Amino acid sequence: MNSGATAERVHEALKARIMSREFRPGDRLDPALLAASLASSVTPVRDALHLLTGEELVETRVNGGFHVPGLDEPALRDRYDWSAALLGLAIRGWPRAARPAPDGANGDIAERTGTLFLAIARCSANSEHARAVARLNARLHAVRLVESQVLGASEDELAELGAAAGEGARDRLRRGVTAYHSRRRRAAAAIVRAVYRTDQS
């Protein structure tokens, strides 16, 4: 088997498992145990964990080992602030005729939110906006899966953002993006508690 293909497969599989909340913040990620479940040797798993550390989806600790990063209220508020700031910069960087068009509306709420935000960022003339949003989407995916437990359904909220983006209504979209993130920032403590709960519902 091609070792490069194995390393890529392991990286994508581990990333998906972390983003889907299979592991909670703080959980230790044992390369040997993960290798067995991924039908891989330990080396590609270690390589994947190092890559995921660079993506800030995994962390290493002084006492050794790989872990899912912990999450607290200030850190989550910072991520919401950074997401709002990035999207604001991206919208300001749109060419005059920009009309983001996310590909369909499939997947869970986290996937659809990430798809919309990335489409908004990709319309910016600055390609760094899309790269930064894609990276932050991965770090916020698990959080977005549980936000509805605290905030209720977000379908209408997301639909309004999508409509404003699709119409190229920049001011309306900027206001919507600000309100979206402010609502979550205010509920950050409760959202963190939901992330740490053992149930995955």
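Our subject is the structure listed above.
Residues numbered from 1 in each chain as written. Predicted model: local features only at pLDDT ≥ 70, side-chain atom pairs only at ≥ 80, totals over all residues. Heavy atoms only, no water.

(A) Expanded view of the overall build of the chain. Counting secondary structure elements, the chain contains nine helices and three strands. Along the chain, helices and strands appear, N-terminal first, in the series α-β-α-α-β-β-α-α-α-α-α-α. Relative to its length of 201 residues, the chain is compact, with a C-alpha radius of gyration of 18 Å against a globular reference of 17 Å. Along the three orthogonal principal directions, the C-alpha set of the chain runs to about 50 × 40 × 30 Å. Considering the chain as a whole, with its 201 residues, one finds that 44% of them fall into the buried category. Within the chain, contacts between residues at least 6 apart in sequence are counted, and of these 73% link residues at least 24 apart. Here the chain carries 29 positive and 25 negative side-chain charges, and the mean point of each set is 4 Å from the other. (Helix = DSSP H or I, 4+ residues; strand = E, 2+ residues; numbered from the N terminus. Rg over C-alpha atoms; globule rule 2.2 N^0.38 Å. Buried < 20%, exposed > 50% of the residue type's maximum accessible area, 1.4 Å probe, protein only. Contact = heavy atoms within 4.5 Å. Lys, Arg positive; Asp, Glu negative; His and termini not counted. Charge placed at Lys NZ, Arg CZ, Asp CG, Glu CD.)

(B) Molecular detail of helix α9 (residues 188–196). All buried positions along α9 are accounted for by A188, I191, V192, A194 and V195. Buried residues in α9, looked at end-on, bunch into an arc of 160°, giving them a common side. (Arc of directions from axis to C-beta.)

(C) Broad picture of the packing of aromatic side chains. Within this structure, the stated rule accounts for one aromatic pair. Each ring, one from F117 and one from Y180, has its centre 5.3 Å from the other, and the planes form 80°; the classification is edge-to-face. Placement of the pair is F117 in helix α5 (residues 109–122) and Y180 in helix α8 (residues 170–186), with a sequence separation of 63 residues. Grouping residues by exposure puts F117 and Y180 together as buried. The cationic tip of R184 hangs over the ring face of Y180; the distance from NZ or CZ to the ring centre is 3.6 Å. (Phe/Tyr/Trp six-rings, centres within 6.5 Å; stacked < 30°, edge-to-face > 60°. Lys NZ or Arg CZ within 6 Å of the ring centre and 35° of its normal.)

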